[in-house]
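This is what each chain is made of:
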Amino acid sequence: MSCRPLVVVFALVAAVCPRAYGQEGDAVAPLLARIEQVTKSGDATAYLALLTAGANRERAIEFCSSELLPGATRTVLKERDREPLRGTLAGNGYRLMVDVLTEFGPRARAATWRLDVKRVGERGSAQEWAIDDEERLSAVENLYRLALNPTKVFAARDLRVAAEDLDLTLTEGSVYVADIDQGATAAVLVGRGMMSFHPTPDTERGQVKIFAGSETLETRFDVAFIRLNPYDFESALAATQLKPKLADPKEFRRAEEVFREDSQKSFLIDLGDLSRDPWSLLPGSGDFLAEVHTRRFDTLTYAKSASEAEDITVFDRKRHHNISIYPSQRKIANRGRFYNEDELVDYDVLDYDIDVAITPDRQWLDGRVRLRLKVRALALGSITMRLAESLVVQSIVSYEHGRLFGVRVKNQNTIVVNLPTTLQRDAEVTLTITYAGRLEPQTADRETLALTQGRVQEDMPTIAAEPSFLYSNRSYWYPQAPVSDYATAIIRISVPTTLDCVASGELEPGFPTIVANTARGAPRIESAPAATNRKLYVFRASQPLRYLAFVVSRFARAETATVAFPPRQNGDSASVPFVGPSYSSLNLSVEANPRQVQRGRELGDRAADIALFYHSVIGDVPYSAFTIALVESDLPGGHSPGYFAALNQPLPSSPLVWRNDPAAFSSFPDFFLAHELAHQWWGQAIGWRNYHEQWLSEGFAQYFAALYAQKQKGDDVFASVLRQLRKWGMDNSDQGPVYLGYRLGHVRDQSRIFRALVYNKGAAVLHMLRRLVGDEPFFRGLRHFYSASRFHKAGTAELRAAMEAETGMSLERFFERWIYGSTLPKLKVGYRTEGNEVILQVEQIGEIFDVPLTIELQYADRKPVEVLMAVTDRTVEKRVPLGGVLRGIDVSKDDGTMAEIVKN
Ligand SMILES: [Zn+2]
């Protein structure tokens, strides 16, 4: 998850791979030129004169009524595809796909037509070809070429432009507008202005404070660009306050300059070879966009966009940071406080069949992907998919609909595939997409540690790390749904014979094997000589994965083992059964860079032990195989898709220092491995339903690694891990709630804050929950949550429901404070003795939390005794029999409890 691009660039026509049809000498070209002319003239009679004798005239008349409109000033028609007509007309004509742009002065429409054309006359005769049938496949209406109107200039004094939580006040200045037939849709404000952004949600005010130093972002601006629907113009701009005036040429030039730059950033459609002009779509009613050129923060973009789940955003353009993202009041009223990104998806990918050939030294990838998808929207006219922009799509073929056309959406790693018919909910489609291009491997993500400083240890000889190439969820190396989406897969991947590969799925028996580049059925590299040999791998993922990944490097097999799990005993499983197979063993292997084989063997043994332990806690292993790809790197850390983990092994000569990081546990070096392996359950088998819920992956992986540390190294190491979780969590809690996900630390580029809260506070919250509800109900609740959400995206609400079902307790306030809130409890702790008893008292100052507290009774004549108190009210008391001469009490810091303690 990274910044959401606010540049909304649509492209609905213009093919991904324009072909050179309609060139000179082509017999059909004169007919197409004639159709282009007729479209410009809007003359239906002239169109009907182009029909064959057998054509359906009524259909043609209806076609003309929507496609041939009066008043056209320019028409461009481009042929995109041609195939011979089939059936009775075979050999006598073509089925053409054409894109048509028709301009009406500053307005335009773009359409894609199917035209069946037939030879009717002598070769070279005046009317050699005629139209036998036609159909409009898709159209985009109401495109506008916008420009500032030099005759509509207004003087403004204390002009207020308002959107939800935003006020722009132009104290003194001018307003320039761009208007269309329906009214003004853009304005440029020039002069002395003040921007005030004051988000309603507390959390967002907190982020604004981190960004701007105060909960309301107030800053001067000298120019602002605004886009909105013409119907909203008068209400948003208080147009009555505008007094017409004459344009000052110098000021107008400045306004035009800003207009040219800012109007390109949003609502623009890319028409490819149909027109090079910037054609703009209209914002929907209620949508609003402002590019505010401030002195202090450079350009800040405020956008309200009803189609987004969180429809209000404020974006720092220069630094590419989301400052605010949240739902408007109206959105909350309609759908409630929480959302699942899956509710917005158009379709669900069921299965992938992937052939790729990767050549790392050229960073080149050839791919052919067949994917089966099921429609989830009520009606679907186009399929939007993610695929890295640098990969060029060569063809898109549907089993059901034949050859399809896609268009690229600029700067968004997106293709839009137009469908010939509207598909209804539950329809299934199979697409095969062929593509190739240069693609860089992905860089370390925030799972990896951050450096304290780049201190070079001069005395160490430097050894270069073995190169490795990871392609995963941030690479968009295969066509995929816009949000992560569980699907099964088979991946055939070929690499140069000197390299090796680990990918999502279980390696099929008999692979890898050496094949010729031309081998049938193997992914091949179009540009490589046929004689080149390749090493072919086949990986099968029978269980659904959120995303697919592979890593290529020089690997040697360090270990392979089958981890057999003890049979489950009656009564130790969760009350909720899960769907799908459960495995009784795990095929574990380690592929290591050649220098790391010995380390790989150690990790293999350790991984087997960890897998056994996790299985004993959760009662399941979600995937049948797990491979550790041990790669050399400057930093520890890793990346864990389903079926494997790429684990970084820092070289002894690494010049970098990383120990001061929330995710570095010096007391337990296997922490990283335990964390990455836990992601097979938490993060992969259990996904997160939007960026807010990432703690269900990272906090759980961190907590499971801590549990393994306890099992392996004992209570002291566990306590030291808990101390570290607690300290990082407490020190950073004021940066925002765990629920903010990747946005924690984002405004200031401090990924440590993200790890401190999403990883460490998340894990500490789980431990506090366990201490409050008791071990047995806690682990039953975890298994319940796991079983109910296996191979789904879950949210905090599902965790809470599972825990409440197994404990019978209300946990509403617990999660409200610890996950959705960012404060910490303030506890006043005291005691008094009465006879043979000590009465422990805890008072909550401020907000009431549910928090477990471990109090140590310090005796003069014996070892301290720990007493657990469940602090779930304003004041709580507990009577404990005295066991000796009480010297005083202490509050433990070894139990993960995050609270500020005020002593009586
Ligand atoms: Zn992780």
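Please refer to the structure placed before this passage.
Parameters and conventions
- Residues numbered from 1 in each chain as written.
- Predicted model: local features only at pLDDT ≥ 70, side-chain atom pairs only at ≥ 80, totals over all residues.
- Heavy atoms only, no water.
- Phe/Tyr/Trp six-rings, centres within 6.5 Å; stacked < 30°, edge-to-face > 60°.
- Helix = DSSP H or I, 4+ residues; strand = E, 2+ residues; numbered from the N terminus.
- Buried < 20%, exposed > 50% of the residue type's maximum accessible area, 1.4 Å probe, protein only.
- Lys NZ or Arg CZ within 6 Å of the ring centre and 35° of its normal.
- Pairing = 2+ DSSP bridges.
- Contact = heavy atoms within 4.5 Å.
- Expected span 1.5 Å × (residues − 1).
- Bend = angle between axes of the 7 residues up to and from the residue.
- Axes fitted to C-alpha atoms, helices over the stretch in contact; angles between N-to-C directions.

S.K.: Mind laying out the packing of aromatic side chains, listing which residues take part and the relevant values?
M.R.: A complete count under the given rule lists 38 aromatic pairs for this structure. Taking 5.0 Å as the distance between ring centres and 70 degrees as the angle between the ring planes, the aromatic pair formed by phenylalanine 63 and tryptophan 113 counts as edge-to-face. Of this pair, phenylalanine 63 sits in helix H3 (residues 57–67) while tryptophan 113 sits in strand S4 (residues 107–119), and the two are 50 residues apart along the sequence. An identical accessibility class is assigned to phenylalanine 63 and tryptophan 113; each is buried. An aromatic cluster is defined as three or more aromatic residues linked by ring pairs; in this entry it consists of Phe613, Tyr614, Phe668, Phe671, Trp681, Trp682, Trp695, Phe700, Phe704, Tyr708, Phe785 and Tyr786. Note that arginine 337 overlies the ring of tyrosine 820, its terminal NZ or CZ placed 4.8 Å from the centroid. Its guanidinium or amino end placed over the ring of phenylalanine 849, arginine 817 lies 5.8 Å from that ring's centre, counting from NZ or CZ.

S.K.: Tell me about the pairing of S4, and name the residues and values.
M.R.: The buried fraction of S4 amounts to eleven of the 13 residues, a majority that puts the element mostly inside the structure. Summarising the sheet, strand S3 (residues 93–104) and S4 pair through twelve bridges and their orientation is antiparallel. Counted as the bridge partner of arginine 95 is aspartate 116 from S4. Between the antiparallel neighbours S3 and S4 lie two residues, among them glycine 105 with a positive phi of about 65 degrees. Inspection of the sheet shows S4 paired to strand S5 (residues 129–144) by twelve bridges, in the antiparallel sense. The partner of threonine 112 across the bridge, within S5, is serine 138.

S.K.: Which residues make up the environment of proline 581, and what values go with them?
M.R.: Residue position: proline 581 is located in the loop between strand S31 (556–564) and strand S32 (585–592). With 349 residues separating them in the primary sequence, proline 581 and aspartate 232 have C-alpha atoms 55 Å apart. When sequence neighbours within four positions are dropped, the list of residues in contact with proline 581 reads Gln543 and Arg790.

S.K.: Talk me through helix H12 (residues 751–773); I want residue IDs and the actual numbers.
M.R.: Helix length check: H12, at 23 residues, gives a terminal C-alpha distance of 32 Å against a target of 33 Å (1.5 Å per residue), a fit within 8%. The largest bend in H12 comes to about 30 degrees, at lysine 761. For H12, the buried fraction is high: 21 of the 23 residues fall into the buried class. Residue glycine 774 follows H12 closely and has a positive phi angle near 95 degrees.

S.K.: Go over the sheet that holds strand S41 (residues 865–871) with me, naming the residues and quoting the values.
M.R.: In space, the three strands of this open sheet follow the order S41-S40-S43, with antiparallel pairing throughout. Both outer strands of the open sheet, S41 and strand S43 (886–891), are each paired with one neighbouring strand and no more. The mean inter-strand angle of the sheet, taken between neighbouring strand axes irrespective of direction, is 30 degrees. Looking at chain direction, strand S40 (residues 851–859) and S41 are connected through seven bridges and run antiparallel. Bridge assignment links proline 852 to a residue of S41, and that residue is alanine 870. The strands that H12 touches are S40 and S41; relative to S40, the one it contacts most, it runs at about 75 degrees.

S.K.: Hey, could you go over the sheet that holds strand S30 (residues 550–553) for me, with residue numbers and the actual values?
M.R.: Judged by pairing direction, the sheet is antiparallel, and its three strands sit side by side in the order S24-S30-S26 without closing on themselves. Two strands bound the open sheet, and with one partner strand each, they are strand S24 (468–471) and strand S26 (500–503). Within this sheet the neighbouring strands show an average axis-to-axis angle of 15 degrees, counted without direction. Inspection of the sheet shows S26 paired to S30 by four bridges, in the antiparallel sense. Within S30, the position partnered with alanine 503 by the bridge is phenylalanine 550.

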